[in-house]
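Geometric and topological summary
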Amino acid sequence: MEVSSVKKLEQMEFSLESVTDLSSSSVSSSSPAVATFSCVDGVTELRFLQSDSTHCFNFDLASAQLFKLGPVHFICVSDSSSSSEEKSFSQGVNIKFITEKDSKDFCESFEEWTKDAVVQGSSLQNGTVSAKKSKFDNKIEASSAKMYFHYYGQLLHQQNMLQDYVRTGTYYAAVMENRSDFAGRIVVDVGAGSGILSMFAAQAGAKHVYAVEASEMAEYARKLIAGNPLFAERITVIKGKVEDIELPEKADILISEPMGTLLVNERMLESYVIARDRFMSPKGKMFPTVGRIHMAPFSDEFLFIEMANKAMFWQQQNYYGVDLTPLYGSAHQGYFSQPVVDAFDPRVLVAPPMFHMVDFTQMKEEDFYEIDIPLKFTASMCTRLHGLACWFDVLFDGSTVQRWLTTAPGAPTTHWYQIRCVLSQPIYVMAGQEITGRLHLIAHSAQSYTIDLTLSAKMWGPGASQGGILQSSTCKFDLKEPYYRMSQPQAYPVAQEPPLQPQPELSTQQDIQTQNDELEEELLQQPPQNPSTQL
């Protein structure tokens, strides 16, 4: 079990000018008071004691909130409702500090203690919730998490992933080809979903598998595993987040499918490395082991025109008597802020790709908060450059076989497809010209990333070493709100024309005349048609 960091915090006291009960209708007292932070039996408390009274206001810091009304005037309230939708407050006090420095020091301490506040531990079937406040809840907004777990709690979405045979088949091969890594070992399946990877591990001879799933899919996984008695005794489904649950033993193998669009979308990779730090033994293995984000500039006039034309609706000056043009600029910017998710023809790429390595065995959780990738390419053709195309692959570094799962263009399509960031202002490049730039990803609380992309064309030809940037284009994208274009026609369709029937060669004028004579004789032998019938 983890030792809560709150035990490391020493008891702290702050002198106050006054403390009054919010629910009291009596006139406020101006007598001095003392505020004390302390930890009693694993529960952090904030106590307010007036110097002229024996009455004490106690607040559990796991549910306490502080509101600032002025430089030295605050209100502290305690949430008594367990429902996130209907909140009520059991008690509240008015706090007045003597100086602004006192109020500032108190706020810093309040933030530190509430951050490490312990909550009442609760038991779950086949697992226990940790006493420490969840990292996941601290960094992810509740509405996003609710939608996320609702989505993955539905069987139709699990079916969509299971029917991605490139994905599922590669995982199966990676596990079964490396049986020696799983046989007799303890395995943790992070974000188990339907439990399919847990059953793969059991098939490979795992001693025991802990399938951790936070959504309602955990119940379906239990049902599916119970229906496969060969594996049921060796798989335990734990409903909860890896940030919260506790396991009875360390894992030899972590297996998971934490990849999203552009590898990092949905921010599950952070949970993957948290599980590594919490549950994996020092010499354990991770399946997958590393990931790579691949990038290359592309040229696709069809896609660019399609994106630009979407905003043309807002160019109407008389839409039922309304001028829509004031919103055209915002609409144009909005459409170009959407990354495009589709399967594109690799011939749209205008330079050899580069990649950024993400080592899951070494990355820290904080390393995923901001990812900065410098870009450098050499154009292989003269064209108009429309943006940056991206895809990813992951490696299962087994002891016996190393296997890659790729989402590259031209490879068999997966449910991840590929992603393209389209610039609203294309740039022109010549063959051999150097293209530089930057791909900057910043994580946000909606379980995704804001993307800042800059692409520039450097001076080309004689004297280029003394020159600088000729053209540059920058655009901001929200990875949470992509444009799914999977059903659209490809930019370069390959026409499948039926083979031509072989024709007899007509090499001489005599052959041509012979055919004409035969045709004329055939027409003369046909009976004449009744003109009235023709009419």
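Residues numbered from 1 in each chain as written. Predicted model: local features only at pLDDT ≥ 70, side-chain atom pairs only at ≥ 80, totals over all residues. Heavy atoms only, no water.

Rule in force here: UniProt positions are given in the numbering used here, feature names are shortened, and annotations may be inferred rather than shown by experiment.
The name given to the protein in an unreviewed UniProt entry is type I protein arginine methyltransferase, and the organism recorded there is Camelina sativa. Turning to the protein, the UniProt annotation filed under Catalytic activity (unreviewed entry) states: "L-arginyl-[protein] + 2 S-adenosyl-L-methionine = N(omega),N(omega)-dimethyl-L-arginyl-[protein] + 2 S-adenosyl-L-homocysteine + 2 H(+)".

A closer look at the overall build of the protein
Going by this rule: Runs of H or I in DSSP of at least four residues are treated as helices and runs of E of at least two as strands, each being numbered from the N terminus. Classification of residues uses two cut-offs on accessible area relative to the type maximum, computed with a 1.4 Å probe and protein chains only: under 20% is buried, over 50% is exposed, and between them is partly exposed. Under the convention used here, a 1.4 Å probe and the Shrake-Rupley method define accessible areas, while residue burial counts only the protein chains that appear.
Helix and strand content of the protein: 14 helices and 26 strands. Residues counted as buried form 45% of the 535 residues belonging to the protein. Carbon and sulfur atoms provide 53% of the accessible area of the protein, an area that totals close to 28300 Å².

Notes on the packing of helix α5 (residues 165–176) against helix α7 (residues 196–203)
Going by this rule: Here an axis means a line fitted to C-alpha atoms, over the contact stretch when the element is a helix, while the angle between two N-to-C directions is reported on a 0 to 180 degree scale. Throughout, the term roughly parallel applies to angles under 35 degrees, roughly antiparallel to angles over 145, roughly perpendicular to angles from 65 to 115, and oblique to all others. With the far helix as reference, a near helix turned anticlockwise by less than a right angle produces a left-handed crossing, and one turned clockwise produces a right-handed crossing. By definition in these notes, contact holds between two residues if any of their heavy atoms fall within 4.5 Å. Residue type decides the class: Asp, Glu, Lys and Arg count as charged, Ala, Val, Leu, Ile, Met, Phe, Trp, Tyr, Cys and Pro as nonpolar, and the leftover types, Gly among them, as polar.
With their axes 9 Å apart at the nearest point, α5 and α7 run at an angle of 25 degrees to one another. Taken together, the axes of α5 and α7 are roughly parallel relative to one another. Remark: the crossing between α5 and α7 carries right-handed chirality. Mapping the contact onto sequence places T168, Y171, Y172, V175 and M176 in α5 and L197, F200, A201 and Q203 in α7. Here the contact of α5 with α7 is composed, by residue class, of seven nonpolar, two polar and no charged.

Things to note about unusual backbone geometry
In this model, F287 is joined to P288 through a cis peptide bond whose omega is 5 degrees. Although it is not a glycine, L263 adopts a positive phi angle of roughly 75 degrees. Even without a glycine there, the phi angle at E266 is positive, about 80 degrees. Along the chain, E266 falls in the loop between β14 (251–256) and α10 (268–279).

Regarding the environment of M259
You can see M259 is positioned in the loop between β14 and α10. Taking the C-alpha atoms as reference, M259 lies 9.4 Å from D393; in sequence the two are 134 residues apart. In this view, M259 contacts Y171, P288, F392, V394, L405 and W416; residues no more than four positions away in its chain are not counted.

Things to note about the side chain of D300
Spelled out, the test is: Polar contacts, as counted here, are pairs of nitrogen or oxygen atoms within 3.5 Å of one another; within protein the pair requires one atom able to donate a hydrogen and one able to accept it, and residues that are adjacent in sequence qualify only if both atoms are side-chain atoms.
Along the chain, D300 turns up in the loop between β16 (290–298) and α11 (301–310). Taking relative accessible area as the criterion, D300 reaches 1% and is therefore assigned buried. Separated by 3.3 Å, the side chain of D300 and the backbone nitrogen of F302 make a polar contact.

Some points on the nonpolar core
Going by this rule: Throughout, nonpolar core names a set of buried Ala, Val, Leu, Ile, Met, Phe, Trp, Tyr and Cys residues whose side chains join them through atoms within 4.5 Å.
L263, M295 and L375 are the most contacted members of the largest nonpolar core, which totals 91 residues. Residues in contact with L375, not counting those within four places in the same chain, are M295, M354, L388, I435, T436, G437, R438, L439, L453, T454 and L455. In terms of nonpolar packing, the next biggest core, distinct from the first, is built from 20 residues, F59, A64, V93 and W113 among them.

Details of α7
In terms of residue burial, α7 counts as a mostly covered element, since six of its eight residues are buried. Listing the buried residues of α7 in full gives L197, S198, M199, F200, A201 and A202. Phi for G205, located one or two positions after α7, is positive at around 100 degrees.

What about the sheet that holds strand β19 (residues 370–378)?
Note the cut-off: Any two strands with at least two DSSP-identified bridges between them are counted as paired.
The strand order β19-β23-β24-β25 describes an open sheet built from four strands, whose pairing is antiparallel. At either end of the open sheet lies a strand with only one pairing partner, and these are β19 and β25 (469–478). Strand after strand, the sheet turns through a mean of 15 degrees between neighbouring axes, direction not considered. Note that strand β24 (residues 448–458) and β25 share nine bridges and pair antiparallel. Bridge pairing links I451 to F477 in β25.

Some points on helix α12 (residues 328–336)
Condition: In this description, the arc belongs to the directions extending from the helix axis to the C-beta atoms.
Listed in full, the buried residues belonging to α12 are A331, H332 and F336. Along the axis of α12, the buried residues cluster in a sector spanning 130 degrees; they form a single face. Exposed residues lying more than 90 degrees from the buried face of α12 are S330 and Q333. Where α12 is buried, its residues meet α11, β22 (418–429) and β25.

Description of a nonpolar patch on the surface
How we decide: Within the patch definition used here, like charges are joined within 9 Å and nonpolar side chains (Val, Leu, Ile, Met, Phe, Trp, Tyr) within 5 Å, considering only residues with over 30% relative accessible area and no salt bridge. Salt bridges are identified by distance alone: a Lys or Arg side-chain nitrogen within 4 Å of an Asp or Glu carboxyl oxygen.
A surface patch of nonpolar side chains, about 450 Å² in accessible area, is lined by F313, Y319, Y320 and V322. Here Y320 is to be found in the loop between α11 and α12.

Describing the pattern of salt bridges
Scanning all chains against the criterion turns up 22 salt bridges. One salt bridge connects R267 with E270, and the closest N-O pair in it is separated by 2.7 Å. When its relative accessible area of 1% is taken as the criterion, E270 is described as buried. When the shortest N-O distance is used, the salt bridge between R438 and D372 registers 2.9 Å. One end of the pair, R438, is in strand β23 (residues 434–444); the other, D372, is in strand β19, and 66 residues separate them in sequence. Judged by its relative accessible area of 38%, R438 falls in the partly exposed class. According to the relative accessible area criterion, D372 is partly exposed, its value standing at 41%.

Quick word on the sheet that holds β14
An order of β12-β11-β10-β14-β15 is seen for the five strands of this open sheet, with the pairing classed as parallel. Lying at the two open borders of the sheet, with one neighbouring strand each, are β12 (235–239) and β15 (280–287). Strand-to-strand twist of the sheet, defined as the mean angle between neighbouring strand axes without regard to direction, takes the value 25 degrees. Along the sheet, helix α8 (residues 217–226) contacts β11 (208–213) and β12; its crossing angle with β12, the most-contacted strand, is approximately 165 degrees. The strands touched by α10 are β10 (186–190), β14 and β15; relative to β15, the strand with the most contacts, the crossing angle is about 150 degrees.

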